[in-house]
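Geometric and topological summary
In case you want the letters, here they are:
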Amino acid sequence: MMRAAAWIVAACCIAAPLAAQSPADRAALSALQDSLKHADEQLLQSLADEWTPDRGKAMTELRRGLIELRRGELSDDRGRFDDALMHLSEAAFSHDDWPWVWYAMATTKAAMTRREFVPKPNAHQPLGMSYYAGFERAMARALKLDSRFQPAIDFLVTALTEEGQREQPDELLAPLRLVAGDSAADPRVLLILARAARTANEPDSALALFRRYQAAGGDPGVAALELARALRAVDRTEQAVAEYWAGLASPTERGRAMYRADFAWIASPRELAQFDSLPNDSLTGWAHRFWTLRDAEALRESGARLPEHLRRWNYVFAHFRVENPERKTQFARVSWPSIGPCLDPGENNFDDFEYNDPARTDDLRSKERLLDQRAILYMRHGEPDVRFRTLATTDSLVILPPDTGSLAAASSDEDAVATGAASSGSDDDLSRQVTQAFQPAPGSVVDCGGITPLEYWIYWFAGRTRIYQFGPNQALGCQAPTTISAEPVESYSVLRSLARYDSRYIKVAHRVLLSQGANIGSAVPLQCAPPLRAIRRDRQQDLAVSIQTDSYTLLFDHLAPAIVQTFAVGRPEQGDSRLLVEFAVAGDSLRPSAAAAGRVAYQLQFRITAVDTVQGIVRRLDTTRTYLTRDTLGAGTTLNGYLELPVPAGHYVVRAAIFQSDRGVSVERPAMAFTPAAGALALSDLVLGRRGSGLVWNSGEGAPVPLNPLDDFPPGSELQLYYELAGLHPGTEYRTTVGLRREEDKDERRGLKLVFSERATAERQHFRRSLDLRQLRPGRYRLVVTVAESGSDRTATRERAVVVSKQ
């Protein structure tokens, strides 16, 4: 609070220079401008010359300039705007000490900016300067002549408020600081200054100014969301979340639009359409479901995803701003060209996809990119699991800190690559090594001169590891890795380091080493090599996945290898449908707790979520269980068990985490709850078991059902099969086919097959079958169960993978 007060008081000490223009002239110009706001062309044509010649040339030219500006706004005729600037330039030659001259010139250039006119140089518009920059310069000149010139203040406040989080020049902020202390000042002045303080990395000052904006009568929705971000930036998370929800309670039109833009960072098109269709009093309930869904999908504690979203927002706007965005407006679209054989441009870049960019606002600077492409990935998926920056060279890999542009270390050692460990040696030696070794890889630098870094972000989400590569690009900036690309660089060191996370990269690395180091030619160009083309295809798919999903992956410092199986069973119409989650965790990865009564205790935490996005159903199970064993579990042993999660009828994706503080595992499994449609024949999941596995399940349907937590079957064992059927007609005969064949074998006539017919005795029944596996060789098989109703075309089928182990 004290910092914010000092920040404003210091600005209030700036002395405002006296303006030379008379109060009468100012009043006349204000009256003219008011009359022009609603004037049409007919009125402009008939506007009488009210001013007598003794008002002078400057006033006459000012009047003509304002009238031509209005004509241009009505007609969008470029010539009218040019005429307005001509008249205003004449006025400036006569009286460059009048704030009205520069204010009128600023508003004219703002209007030309909005219409995207190409700048024409003149005495007050240097060659190469945009009209927006001209607007800033002219407005700053007007306020320098009179720091409390109200027409300029009013126009500036509206313009800068619409620009949201964009960085603003100090010459425009200084006069706003001067008027911020006035009790009658527009609250938006405080909003602009608060955003400027945040951009200047002054979080305490920003928070104090946002509170003043709220207290001064600022838009409550805007104030609440901005306060939520500001409070999260200073780690006052509970207050941040409270402000966030307060702003959604009854938002104004502007507040609602701001919340919508915030949701758009991660919401799907379907979710945004839902938001748009709701009345204000339904937004809070919708938002609670939105964030609850994300908590469940990420296996996080309830309420964890929203604070993480606010943290990401602050990080993105602090670290991924485009430098000098006004110099990059000629780049309407970011491109990363592919040059060479077998290089299909495809979707190599985020701009190749249709996606929503909430940072692109409809303001005077809408053509300027506010954030680079790292922001999109970070907002959707957060901090990467692994992140490092490199200089691509032919024989070494230079490691840079991910958050700075300074050179940290150079090494060809793969361990240093992965950890970012610094090597010994002087800065001069390091610079010499970089200068001698650096050769930009094809496609790694686009129109950017000098030594520029690449950055790699490695994530685990949507079921696998995903590697994203950023490099410099003129469209978004050459001083940082601002632009994502699916095109792998042809650098041995880079590819070798990435092989730690994806083994396919080692083949490409060796091809690069042979072609560059040993100078060995190949009949197939490197760009056409199958491993490189496969990596490129996967990277293109990863780009699509990254902007179609969002994540907050639950990872652990130490992996506890586990096998997790899920089954949907039960009867929804009787309220006992549930998901059976079976697990086996490697014993030597777990830490025992204190032993008791001659037993060793293992305490495990479980977090299981089932999400049906179509119906909006979320079910969670958070529990801690203690298991007792005779001895400490060692290598080759597992801790086995199961849990049940009640769910209503629906189609679910099931996620499960099993952990002990910093060690554990999280998995994702598709599952379909047992949900027969009206009149349909329905088959539950196939529950596979093995006698002697040590684990049985009380299904509630007769004797306990054997399970198979290791999910494989030794040679010569017997497979126990349990399933449920619904939608049966008692007395009707049903033909069941149970087939088991190798996965790679497409011929359904091969493998084991059992066929039998039975008459139904109830509308719903459960069945147990046994399959002798003695004739099967080790390998992966596909178990298919099909039930067909006699006398009709009703059928139901379920499949399940079966693994027969070697021993």
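Everything that follows concerns the structure shown earlier in this document.
This part is about the sheet that holds strand 9 (residues 578–586). Taking strand neighbours across the sheet as the criterion, the 3 strands line up as 8-9-12 in an open arrangement whose pairing is antiparallel. Each having just a single partner strand, strand 8 (562–569) and strand 12 (638–646) make up the two edges of the open sheet. Each strand axis lies, on average, 15° off the axis of its neighbour in the sheet, ignoring direction.

Think of an α-helix as turning once every 3.6 residues; residues three or four places apart then point the same way. In this model helix 6 (residues 99–114) runs 23 Å from its N-terminal to its C-terminal C-alpha over 16 residues, within 8% of the 22 Å that 1.5 Å per residue would give. Of all 16 residues making up helix 6, 15 are buried, and the element is well covered by its neighbours. Backbone geometry just after helix 6 places Glu-116 at a positive phi near 60°.

Turning to the packing of aromatic side chains, a few remarks are in order. Per the stated rule, a full pass over the model turns up 34 aromatic pairs. Aromatic side chains Tyr-244 and Tyr-259 sit 5.3 Å apart centroid to centroid with 70° between the ring planes, which places their arrangement in the edge-to-face category. Separated by 15 residues along the polypeptide, Tyr-244 in helix 13 (residues 237–249) and Tyr-259 in helix 14 (residues 253–263) bring together distant segments of the chain. As far as the burial class goes, Tyr-244 and Tyr-259 line up, both buried. Taking the centre distance of 5.0 Å and the plane angle of 75° together, the rings of Phe-263 and Phe-290 count as edge-to-face. Placement of Phe-263 in helix 14 and of Phe-290 in helix 16 (residues 283–297) is noted, with a sequence separation of 27 residues between them.

This brings us to the side chain of Glu-701. Of note, Glu-701 is situated in the loop between strand 17 (696–697) and strand 18 (705–706). On the accessibility criterion, Glu-701 (17% relative accessible area) is buried. Those residues in contact with Glu-701 that lie beyond four places of it in its chain are Arg-571, Tyr-722, Glu-724, His-766 and Arg-768.

On the basis of which strands lie adjacent, the open sheet formed by 4 strands has the order 21-20-23-24 and antiparallel pairing. Each of the sheet's edge strands pairs with one partner strand only, and the pair in question is strand 21 (752–759) and strand 24 (795–804). Here the average twist between neighbouring strands, direction ignored, is 15°. Here strand 20 (residues 733–742) pairs with strand 21 via 8 bridges, running antiparallel. When the bridges of strand 21 are listed, Gly-739 appears paired with Lys-753.

Cut-offs used in this document
Residues numbered from 1 in each chain as written. Predicted model: local features only at pLDDT ≥ 70, side-chain atom pairs only at ≥ 80, totals over all residues. Heavy atoms only, no water. Pairing = 2+ DSSP bridges. Helix = DSSP H or I, 4+ residues; strand = E, 2+ residues; numbered from the N terminus. Axes fitted to C-alpha atoms, helices over the stretch in contact; angles between N-to-C directions. Expected span 1.5 Å × (residues − 1). Buried < 20%, exposed > 50% of the residue type's maximum accessible area, 1.4 Å probe, protein only. Phe/Tyr/Trp six-rings, centres within 6.5 Å; stacked < 30°, edge-to-face > 60°. Contact = heavy atoms within 4.5 Å.

It is worth stressing that arrangement in space is one thing and function is another; only the former is reported here.
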